[in-house]
Amino acid sequence: MRLRLRSGALAAGCLLAEALGVALFLRGFFPLPVRSLPRGEARAQPPAEPAPPGPGIASNWTKIPPPLFRKVVIVLIDALRDDFVFGSKGKQFMPYTTQVIEKGTSYSFIAEAKPPTVTMPRIKALMTGSIPGFIDVVVNLNSPALMSDNLIWQAKAAGKRIIFYGDDTWVKLFPKHFVEYDGTTSFFVSDFTEVDDNVTRHLDRVLKREDWDLLILHYLGLDHIGHMTGPNSPLVGPKLREMDNVLKKIHISLLSKEGEASLPSLLVVCGDHGMSETGSHGGSSEDEVHTPLLFISSAFEKRSGPLTQLELVQQTDLASTLAVGLGLPISRNNVGNIILPVVGSKTMREQLRFLHMNGFQLSTLLQENTPAYEKDLGYEQFKIAEKSHGNWIKLYLEGNNSEILLNLGKKVLKQYLEALRTLSSSLSKQVAQYDMYSMMVGTVIVMEVLLLLFLSVPKALSSRAEFEVPLSPPLFSLLFYLMCLMLCAVHVIVCTSAESLCYFCSMSWLTAVGVMMLISALMCGILSAVGKILENSRLPLKNPGASSSSWSEVDVLILAGTIGHVLSLGASSFIEEEHQTWYFLINTLCLALCQELCRNHFLLKECDLQLGTTMKQNFDSIGEASECKNIDVQAASNSKLGKAASSAEFVKGSDKWISLASPWIILICCRLLRSLNQTGVQWAHRPDFGHWLTSSEHKSELSVLAAISLVMIFVLVQRRCSLVSKIAMALGLLGVYSYRAAIGNVIFPWQHDSKDISKGITEARFVYVFVLGIVFTGTKDLLKSQVISADSSVKSTGLWEVYSGLVLLSALLFRPHNLPVLVFCLLIQTMMTKYIWRPLKFDAAQITIMHYWFGQAFFYFQGNSNGIATVDVSAGFVGLESYVEIPAIFLTAFATYAGPLLWAIHLLCYLSSEVSRQTLWKGAGRPTRDEAVLKLLNGVFKN
């Protein structure tokens with residue numbers, strides 16, 4: 001018995017199975033970070049000092065040590081790169097901070113942030129001491145309340161009064177934790193001044209008050225400047241000088257009040273992440289992960305000279321260090337270590353007490369997340385250090401003040417530091433560990449579904465297709481049950497022997513067995529489809545000549561390139577440098593197309609040339625009629641006869657030489673685009689033409705290039721637009737240049753400076769009006785072709801109008817130095833359409849794959865990569881006065897994927913235009929080209 005499924009039912013079932021497989025794979029690929037008890041259970045008493053050996057001796061230190069600082073001020077400057085403080089820019093624009101670093105009472109470090117280097121995960125790392133996963137990037141736009149144990153919650157529970165001003169992400173993460181706050185929107189990146197003025201305006205009033213214990217300030221202006229203009233912008237220097245004045249004001253105020261208090265105050269200066277050379281962040285480059293970390297307090301020793309070498313610490317170390325400084329328990333999810341120099345002025349007993357608390361917290365976290373924790377090297381080292389600590393306490397309580405006590409204390413200190421480093425490393429690695437079993441199960445389901453779809457494609461393409469699924473044959477029934485039993489046995493073995501936690505193993509047995517049954521059923525369906533294909537292949541062919549086909553070099557390249565790209569995704573290095581794969585594929589494709597064009601133009605036999613000349617004369621009248629309607633003659637089928645006839649048409653005339661030169665022109669364009677933007681990981685730091693153009697010294701050259709590019713865009717797009725759309729396109733492109741001039745990217749010829757810089761709100765909205773008008777005109781034509789008229793030429797025109805509107809939107813969102821990318825995109829599409837695809841008569845599948853290849857290549861030509869650091873966030877705020885979530889997300893996504901989208905829409909335009917040509921040909925009562933060729937051949941043979 002066989003179950004017959006319609007193609008829709010099969011597709012729906014495959015879609016559900018595919019979703020399950022992808023969900024399992026993603027759950028294994030994005031493991032949850034190490035977690036401890038909920039914060040409601042996290043107020044347990046801290047560990048006492050290690051018990052000294054021997055009877056009758058006990059330590060009286062069982063409580064949390066008292067705070068080291070009376071007040072703590074945290075100044076977090078978003079996107080503060082380490083060289084902005086410790087490099088030449090710091091010396092030039094932050095003189096007061098530089099003086100404190102070199103000659104003041106401070107400790108300076110370089111804090112390393114773990115990717116993803118975006119704001120919300122980094123705030124979590126600073127306040128919890130944990131390492132957020134990449135899944136936090138997804139919720140970065142809408143930060144939920146932080147429920148895990150953290151420094152802010154511990155401070156509030158201890159009665160500390162906390163005041164916050166700055167990025168409203170803190171308010172969302174820690175609701176009802178601040179006695180006073182004022183949040184600013186972090187995503188409106190075109191605001192450089194007000195976003196920081198709204199923080200600084202509170203300082204004079206707050207610094208005079210005594211009703212707070214912890215003050216947190218988060219400045220966003222520097223990050224916004226980086227997103228809009230990059231780290232080398234002339235706006236960076238004044239912003240750093242502004243931050244230097246803020247730090248000076250806070251430091252002087254804290255020092256002026258320390259004479260009245262018993263404890264000193266602490267000023268902490270840090271960044272959440274750095275900034276890449278393009279001004280973005282999110283990746284793992286050195287510029288993005290290295291941030292300055294300054295501790296400034298009168299409790300520290302005064303420095304005598306400039307820094308020679310800065311110590312590298314982890315960003316997660318701040319949470320445990322501040323917890324000790326404020327006299328709070330260390331967060332249960334913390335994986336960082338106490339920064340010892342900050343507590344180095346305390347006694348040896350106090351220092352050992354702090355390190356023991358840190359080690360006890362890390363070892364407890366290890367026990368709760370690792371089944372075989374006792375075998376961990378860090379745990380063993382901590383136990384040894386704890387034992388040595390007990391011996392030191394025994395000597396101390398006995399009143400031994402000899403050098404032996406001092407040397408033993410230093411030894412225990414080193415043992416603790418080594419154990420803390422190893423424990424922190426073990427816990428940090430768990431965040432990067434993949435759940436391989438869940439990933440493998442998800443991959444098997446996805447691959448089975450894809451293979452099943454591939455085998456059923458011939459049937460699925462039919463509108464009345466049915467797919468037969470075997471239900472009762474003994475062979476498949478036996479195979480199904482055997483596979484289920486085997487997979488269940490493998491599941492039991494994997495889950496009982498796994499040393500780490502596995503999501504798929506944590507699922508209920510009923511769910512796991514259901515997944516195993518699905519895998520078995522899919523395998524049986526695949527075997528059934530393969531058997532059906534083999535059975536049909538043994539049947540005699542009714543028309544043997546119909547199956548004969550030959551593969552050209554282009555066909556082989558398309559198949560091999562697609563398979564090779566898929567296989568390359570199995571290596572992380574190929575993913576990081578995926579742009580190299582696409583550059584190689586499109587260059588090779590151009591060479592293959594050149595060979596195909598040469599074969600069709602020069603390797604034809606004399607009779608083919610004569611035949612082509614005869615055909616050309618017969619088709620002249622049809623071609624003239626077609627040209628009157630601005631539509632080329634309809635493309636022939638893929639038969640060799642059609643290709644020969646088509647090629648013969650281009651043997652004479654200038655079109656022949658343009659056609660032959662087209663692949664080489666496209667190669668030159670691609671090479672120029674590669675030099676415009678460096679991308680990837682290995683060579684992203686190298687200078688490129690884009691960096692040269694965006695420097696302030698070459699604004700005139702950038703302005704000329706942008707103006708020429710906008711003119712070329714109009715020339716290439718307007719050829720198939722209506723008169724109204726042409727006017728709208730011209731005005732819209734003029735508005736694009738005006739917008740870039742308004743925000744200071746380019747200049748008009750009559751401008752001599754760029755002092756009158758604005759946000760360009762009016763100019764951008766002026767362009768949006770024309771974008772919507774052109775898209776509306778195209779949509780109207782599309783609806784007309786579907787509802788009122790069945791004319792395919794109207795549909796083709798409507799698609800091109802929509803395409804033109806999106807080109808105008810891309811021109812507005814692209815940065816000026818990227819406008820040549822849009823020009824070359826339109827130029828290559830025009831040349832491929834007129835001089836390659838139509839003369840060579842490629843079928844729809846070949847055209848589709850070529851569009852996909854070029855779309856992927858242009859994604860990287862824009863300067864994008866597979867890392868989120870290259871996403872141009874500033875595009876989401878073009879024409880917006882404030883942050884509006886949906887438009888900002890849409891504009892950012894469109895600007896990022898403009899290359900693939902424009903090539904995908906051009907594919908629809910091309911296929912639609914081919915349909916309209918075919919309709920025109922048949923509507924004229926003319927035979928198709930193949931029919932005309934056969935008729936001419938009959939006449940030739942008769943003669």
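Residues numbered from 1 in each chain as written. Predicted model: local features only at pLDDT ≥ 70, side-chain atom pairs only at ≥ 80, totals over all residues. Heavy atoms only, no water.

Q: Before we go on, may I ask you to explain the overall build of the protein chain in this structure?
A: Helix and strand counts for the protein chain stand at 37 helices and 10 strands. The burial tally for the protein chain puts 52% of its 943 residues in the buried class. Taking the intrachain contacts of the protein chain between residues at least 6 apart in sequence as the baseline, contacts between residues at least 24 apart amount to 78%. For the protein chain, the accessible surface area stands at approximately 43,900 Å², while carbon and sulfur atoms represent 62% of it. (Helix = DSSP H or I, 4+ residues; strand = E, 2+ residues; numbered from the N terminus. Buried < 20%, exposed > 50% of the residue type's maximum accessible area, 1.4 Å probe, protein only. Contact = heavy atoms within 4.5 Å. Areas by Shrake-Rupley, 256 points an atom, 1.4 Å probe, with all protein chains shown as cover.)

Q: When you look at the sheet that holds strand 5 (residues 180-184) in this model, what are you seeing that I'm missing?
A: Sheet strands line up and pair through hydrogen bonds in the backbone, either parallel or antiparallel. Across the sheet, which stays open at both edges, the 8 strands sit in the order 5-4-6-2-7-8-3-9 with mixed pairing between neighbours. Unpaired on one side and paired on the other, strand 5 and strand 9 (311-314) mark the two borders of the sheet. Shown here is a sheet whose adjacent strand axes are inclined to one another by a mean of 20 degrees, direction ignored. Alignment of strand 7 (residues 266-270) against strand 8 (residues 290-296), held across 4 bridges, turns out to be antiparallel. Pairing of Val268 across the sheet is with Phe295, part of strand 8. (Pairing = 2+ DSSP bridges. Axes fitted to C-alpha atoms, helices over the stretch in contact; angles between N-to-C directions.)

Q: Would you mind going over the pattern of salt bridges with me for this structure?
A: Two side chains carrying opposite charge are able to pair once their charged atoms lie near each other. Evaluation of the coordinates by the stated rule reveals 20 salt bridges. Between Arg349 and Glu49 there is a salt bridge; the shortest N-O distance is 2.8 Å. Here Glu49 lies in the loop between helix 1 (7-29) and strand 2 (72-77) and Arg349 lies in helix 14 (residues 348-369), a separation of 300 residues in the sequence. As far as burial versus exposure is concerned, Arg349 and Glu49 are alike and both buried. Across the pair Lys239 and Glu242 runs a salt bridge, and its minimum N-O distance is 3.0 Å. Here Lys239 pairs with Glu242, and both are found in helix 11 (residues 236-256), just 3 residues apart, close to one helical turn. On the basis of relative accessibility, which here comes to 23%, the residue Glu242 falls in the partly exposed class. In the salt-bridge network here, residues are joined through shared partners; they are Arg70, Lys71, Glu210 and Lys257. (Salt bridge = Lys/Arg side-chain N within 4 Å of Asp/Glu carboxyl O.)

Q: Sorry if this is basic, but what is going on with the packing of helix 33 (residues 819-840) against helix 34 (residues 844-861) here?
A: For the pair helix 33 and helix 34, the least separation of the axes is 11 Å and the interaxial angle reads 160 degrees. As summarised for this structure, helix 33 and helix 34 are arranged roughly antiparallel, according to the angle between their axes. Judged by the twist between their axes, the crossing of helix 33 over helix 34 is right-handed. From helix 33, Val821, Phe824, Cys825, Ile828, Met832 and Trp837 reach across to helix 34, where they touch Ile847, Met850, His851, Phe854, Phe858 and Phe861. Its residues assigned to classes, the contact of helix 33 with helix 34 comprises 11 nonpolar, 1 polar and no charged. (Parallel < 35°, antiparallel > 145°, perpendicular 65-115°, else oblique. Left-handed = near helix turned anticlockwise from the far one by under 90°. Nonpolar A, V, L, I, M, F, W, Y, C, P; charged D, E, K, R; others polar.)

Q: Is there a simple way to think about the nonpolar core in this case?
A: Most often, soluble globular proteins keep nonpolar side chains buried together rather than apart. Ile713 and Phe854 are the most contacted members of the largest nonpolar core, which totals 89 residues. With 12 residues, helix 33 is the largest single contributor of residues to this core. Each residue touching Phe854, except ones within four places of it in the same chain, is listed here: Ile586, Leu589, Cys590, Ile666, Ile828, Met832 and Trp903. Counting residues in each nonpolar core, the second largest holds 67 residues, with Ile74, Val268, Val324 and Ile339 among its members. (Core = buried A, V, L, I, M, F, W, Y, C linked by side-chain atoms within 4.5 Å.)

Q: I'm lost on the pairing of strand 6 (residues 214-219) in this one. Help?
A: On a regular strand, each side chain points to the face opposite its neighbour's, so the side chains alternate between the two faces of the sheet. Buried residues dominate strand 6, accounting for 6 of its 6 residues. As paired strands, strand 4 (residues 162-167) and strand 6 are joined by 5 bridges and run parallel to one another. Across the sheet, the residue bridging to Tyr165 is Leu217, located in strand 6.

Q: Honestly, the state of the cysteines in this entry has me stumped. Any pointers?
A: What we call a disulfide is simply a covalent bond connecting the sulfur atoms of a pair of cysteines. The full count for this structure, using the stated rule, is 1 disulfide. Disulfide pairing is shown between Cys495 and Cys505; the S-S distance is 2.1 Å. A torsion of -85 degrees about the S-S bond marks the disulfide between Cys495 and Cys505 as left-handed. Residue Cys495 is found in helix 18 (residues 474-497), and its partner Cys505 is found in helix 19 (residues 503-506); the two are separated by 10 residues along the sequence. When its relative accessible area of 22% is taken as the criterion, Cys495 is described as partly exposed. (Disulfide = S-S within 2.5 Å.)

Q: Honestly, the packing of aromatic side chains in this entry has me stumped. Any pointers?
A: How two aromatic rings sit relative to each other is given by the distance of their centres and the angle of their planes. For the coordinates displayed, the defined rule picks out 24 aromatic pairs. Each residue in the set Tyr583, Phe854, Phe858, Phe861 and Trp903 is aromatic and connected to the rest through ring pairs, giving one cluster. The ring of Trp212 has Lys71 lying over it, and the distance from NZ or CZ to the ring centre is 4.2 Å. (Phe/Tyr/Trp six-rings, centres within 6.5 Å; stacked < 30°, edge-to-face > 60°. Lys NZ or Arg CZ within 6 Å of the ring centre and 35° of its normal.)

Q: Please clarify how a nonpolar patch on the surface should be interpreted in this entry.
A: Taken together, the side chains of Trp551, Val556, Leu559, Ile563 and Leu567 present a nonpolar region at the surface, about 540 Å² in accessible area. Locating Ile563 in the fold gives a position in helix 22 (residues 553-568). Using a relative accessible area of 46% as the deciding quantity, one classes Ile563 as partly exposed. (Patch = residues over 30% accessible without salt bridge, like charges linked within 9 Å, V, L, I, M, F, W, Y side chains within 5 Å.)

Q: When you look at the side chain of Asp376 in this model, what are you seeing that I'm missing?
A: Within the element layout of this structure, Asp376 appears in the loop between helix 14 and helix 15 (377-397). Judged by its relative accessible area of 15%, Asp376 is buried. Those residues in contact with Asp376, other than ones at most four positions away along the chain, are Leu366, Leu423 and Ser426.

Q: Hey, could you run me through the packing of helix 4 (residues 95-103) against helix 11 in this one?
A: How two helices sit against one another is set out by the angle between their axes and by the gap between those axes. Interhelical geometry of helix 4 versus helix 11 gives an angle of 55 degrees and a closest axis separation of 7 Å. Here helix 11 runs oblique to helix 4, going by the angle between their axes. The segment helix 4 lies against helix 11, with Pro95, Tyr96, Thr97 and Val100 engaging Asp244, Leu247, Lys248, His251 and Ile252. In terms of residue class, the contact of helix 4 with helix 11 is built from 5 nonpolar, 2 polar and 2 charged.

Q: I'm lost on the confidence of the model for the protein chain in this one. Help?
A: The predicted coordinates of low-pLDDT regions are not to be read in fine detail. Counting all residues, the mean pLDDT for the protein chain is 82, and 81% of those residues have values of 70 or more. Scored below 50 in pLDDT, residues 460-465 makes 9 contacts in the model with residues more than four places away or belonging to other chains. Within the model, pLDDT remains below 50 along residues 544-549, and this stretch shows 1 contact once partners closer than five positions in the same chain are excluded. (pLDDT = per-residue confidence, 0-100.)

Q: Would you mind showing me how to read helix 22 here?
A: Quick reminder: α-helices carry 3.6 residues per turn. Residues three or four places apart thus point the same way. An ideal rise of 1.5 Å per residue puts 22 Å on 16 residues; helix 22 measures up with 22 Å between its terminal C-alpha atoms. What helix 22 keeps buried is the set Val554, Asp555, Leu557, Ile558, Gly561, His565 and Ser568. Of the surrounding secondary structure, the elements contacted by the buried residues of helix 22 are helix 23 (572-576), helix 24 (578-602) and helix 34. (Expected span 1.5 Å × (residues − 1).)

Q: What's the story with the pairing of strand 7 in this structure? I'm lost.
A: For strand 7, the buried fraction is high: 5 of the 5 residues fall into the buried class. Examined bridge by bridge, strand 2 and strand 7 share 5 bridges and lie parallel to one another. Paired with Ile74 across the bridge in strand 7 is Val268.

Q: What exactly am I supposed to notice about helix 31 (residues 761-788) here?
A: With 28 residues, helix 31 extends 39 Å from end C-alpha to end C-alpha; this agrees with the ideal 40 Å at 1.5 Å per step. For helix 31, the complete set of buried residues consists of Ile761, Ala764, Val767, Tyr768, Phe770, Val771, Ile774, Gly778, Asp781 and Ser785.

Q: What is the right way to look at the environment of Tyr219 in this model?
A: Tracing the backbone shows Tyr219 in strand 6. Tyr219 gets classed as buried once you look at its relative accessible area, which sits at 0%. Residues Tyr219 and Asp196, spaced 23 residues apart in sequence, show a C-alpha to C-alpha distance of 5.6 Å. Among residues more than four places away in sequence, those in contact with Tyr219 are Val75, Leu76, Ile77, Asp78, Asp196, Val199, Thr200, Leu203, Met243 and Val246.

Q: Would you mind showing me how to read the environment of Phe602 here?
A: In this structure, Phe602 sits in helix 24. Taking relative accessible area as the criterion, Phe602 reaches 42% and is therefore assigned partly exposed. Other than its neighbours up to four places away in sequence, Phe602 contacts Lys656, Trp657 and Leu660.

Q: It is not clear to me how unusual backbone geometry should be interpreted in this structure. Could you clarify?
A: Both trends apply: most residues other than glycine have a negative phi, and most peptide bonds are in trans. Cis geometry marks the peptide bond from Pro115 to Pro116, where omega comes out at 10 degrees. Topologically, Pro116 is positioned in the loop between strand 3 (106-112) and helix 5 (119-128). Of note, the phi angle at Ala79 is positive, near 65 degrees, even though the residue is not glycine. Turning to its location among the elements, Ala79 is positioned in the loop between strand 2 and helix 2 (82-86). What makes Ala79 buried here is its relative accessible area of 1%. Positive phi outside glycine occurs at Lys176, with the angle close to 65 degrees. With respect to the element layout, Lys176 can be found in the loop between helix 7 (169-173) and strand 5. On the basis of relative accessibility, which here comes to 78%, the residue Lys176 falls in the exposed class.

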